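# Understanding the architecture of this molecule
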Amino acid sequence: MTLEIVELGRAIRERDPAHPSWPEVIFSYPGLHAVLWHRMAHRLWIWGFRGWGRFFSHLGRMLTGIEIHPGAKIGRRMFIDHGMGVVIGETATVGDDVTIYHGVTLGGLSLKRGKRHPDVLDGAILGAGAQILGPITVGRGARVGANSVVVTSVQDGTTVVGIPARCTGPGCKKTDTVGYGLPAQELDPVGERLVMLEDEMRALRVLLEARRAG
């Protein structure tokens with residue numbers, strides 16, 4: 001446990017631009033505390049003491065604002081910055097050196113038992129408010145933009161943004177769009193609404209002309 005605290009502390013001091021002191025990291029960083037609470041909860045979970053695992057997980061959530069299910073598998077040196085509102089589901093796995101900002105959810109889309117949550121591989125960065133949903137994979141060194149909703153796997157070293165999230169920047173597959181960042185194969189909700197309004201206007205003009213003629 002002591003070695004892990006040292007590793008986490010070094011990771012936080014390296015990755016946080018605020019450059020906190022060691023006392024700040026140890027006593028005032030909920031991301032570090034959340035990981036330590038999870039280590040205890042996860043150990044109890046895999047030993048079969050699931051009720052106690054959930055209890056320790058609940059204590060960690062109350063004290064840090066970060067909810068990590070005791071069944072989730074968390075790698076080394078995970079840095080949760082700010083942390084409030086982070087949720088990591090039961091079957092999620094997080095690799096080494098991952099950075100997670102506040103409001104991120106690693107959630108499921110199914111009510112069935114089994115693998116329901118994402119795998120986040122080494123070195124990935126998940127921006128504030130990002131929602132990564134379902135049994136998908138966020139690749140090594142990938143970046144997920146703030147408030148993005150990710151429902152398909154992300155390749156190693158790529159950046160995805162938007163709702164639903166799509167690859168952006170060099171190395172991404174070119175996708176034809178119809179406006180508003182929507183790919184051509186999907187409906188444009190604004191355009192569809194404009195078409196409906198135009199149809200209504202035409203119908204009103206016909207009725208107006210009919211009344212004038214009568």
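The preceding data block contains the structure.
In short, a report on the structure. (Residues numbered from 1 in each chain as written. Predicted model: local features only at pLDDT ≥ 70, side-chain atom pairs only at ≥ 80, totals over all residues. Heavy atoms only, no water.)

## Digging into the overall build of the chain
Rule in force here: Counting from the N terminus, the helices are the DSSP runs of H or I reaching at least four residues and the strands are the DSSP runs of E reaching at least two. Per-residue accessibility, obtained with a 1.4 Å probe over protein chains only, is compared with the maximum for each type, and a residue is labelled buried under 20%, exposed over 50%, and partly exposed between these values. What makes two residues a contact is simply this: any of their non-hydrogen atoms within 4.5 Å. To measure how exposed things are, a 1.4 Å probe is used in the Shrake-Rupley method; for residues, cover is taken only from the protein chains shown.
Within the chain, the secondary structure is distributed over 5 helices and 15 strands. Residues classed as buried in the chain amount to 38% of the 214 residues present. Looking at the chain alone, contacts between residues at least 24 apart form 30% of all its contacts between residues at least 6 apart. Carbon and sulfur atoms make up 59% of the accessible area of the chain, which amounts to about 12,700 Å² in all.

## Let's talk about the packing of helix H1 (residues 2-15) against helix H3 (residues 30-46)
What counts here: To obtain each axis, a line is fitted to C-alpha atoms, and for helices this fit is confined to the stretch in contact; angles are then taken between N-to-C directions over 0 to 180 degrees. To sort the angles, those under 35 degrees are grouped as roughly parallel, those over 145 as roughly antiparallel, those from 65 to 115 as roughly perpendicular, and the leftovers as oblique. In this scheme the handedness of a crossing depends on how the near helix is turned from the far one: anticlockwise by less than a right angle means left-handed, clockwise means right-handed. Following the grouping adopted for this structure description, the nonpolar residues are Ala, Val, Leu, Ile, Met, Phe, Trp, Tyr, Cys and Pro, the charged ones are Asp, Glu, Lys and Arg, and the polar ones are all others, Gly among them.
At a minimum axis separation of 11 Å, H1 and H3 run at an interaxial angle of 150°. Comparing the axis directions of H1 and H3 gives the class roughly antiparallel. As for the relative orientation of H1 and H3, their crossing is right-handed in sense. Listed contacts from H3 to Glu4, Ile5, Leu8, Gly9 and Ile12 of H1 are Leu32, Val35, Leu36 and Arg39. Grouping the amino acids of the contact of H1 with H3 by side-chain chemistry returns 6 nonpolar, 1 polar and 2 charged.

## Some remarks on a nonpolar patch on the surface
Basically, it comes down to this: Each patch is built from residues lacking any salt bridge and having more than 30% relative accessible area; the joining distance is 9 Å for like charges and 5 Å for nonpolar side chains (Val, Leu, Ile, Met, Phe, Trp, Tyr). The rule for a salt bridge is simple: a side-chain nitrogen of Lys or Arg has to be within 4 Å of a carboxyl oxygen of Asp or Glu.
Side chains of Ile46, Trp47, Phe49, Trp52 and Phe55 sit close together on the surface and give an oily, nonpolar patch of about 620 Å² of accessible area. Looking at where Ile46 falls in the secondary structure, it is placed in helix H3.

## Focus: the sheet that holds strand S9 (residues 125-126)
Here is the rule: Strand pairing is defined by DSSP finding a minimum of two bridges between the two strands.
Across the sheet, which stays open at both edges, the 6 strands sit in the order S3-S6-S9-S12-S14-S15 with mixed pairing between neighbours. Lying at the two open borders of the sheet, with one neighbouring strand each, are strand S3 (79-80) and strand S15 (166-168). With 2 bridges joining them, S3 and strand S6 (residues 99-100) adopt parallel strand pairing. Among the inter-strand pairings, Phe79 is bridged to a residue of S6, identified as Thr99.

## Observations regarding the packing of H3 against helix H4 (residues 50-64)
With their axes 7 Å apart at the nearest point, H3 and H4 run at an angle of 170° to one another. Regarding the angle of H3 to H4, the classification is roughly antiparallel. Across from Pro30, His33, Ala34, Trp37, Met40, Ala41, Leu44 and Trp45 in H3, the residues of H4 making contact are Arg50, Trp52, Gly53, Arg54, Phe56, Ser57, Leu59, Gly60, Leu63 and Thr64. For the contact of H3 with H4, the class distribution of residues is 11 nonpolar, 5 polar and 2 charged.

## Concerning the pattern of salt bridges
Inspection of the entire model under this criterion finds 10 salt bridges. Across the pair Arg15 and Asp97 runs a salt bridge, and its minimum N-O distance is 3.8 Å. Here Arg15 is found in helix H1, whereas its partner Asp97 is found in the loop between strand S5 (93-94) and S6, with 82 residues between them in sequence. The partly exposed category is assigned to Arg15, whose relative accessible area is 25%. Here Asp97 falls in the partly exposed class, since its relative accessible area comes to 31%. Across the pair Asp199 and Arg202 runs a salt bridge whose closest N-O atoms are separated by 2.9 Å. One end of the pair, Asp199, and the other, Arg202, are both in helix H5 (residues 189-213), 3 residues apart, so they sit about a helical turn from each other. On the accessibility criterion, Asp199 (42% relative accessible area) is partly exposed. Among the charged side chains, a salt-bridge network with shared partners connects Glu7, Arg15, Arg76, Arg77 and Asp97.

Any functional reading would require information beyond the geometric quantities listed.
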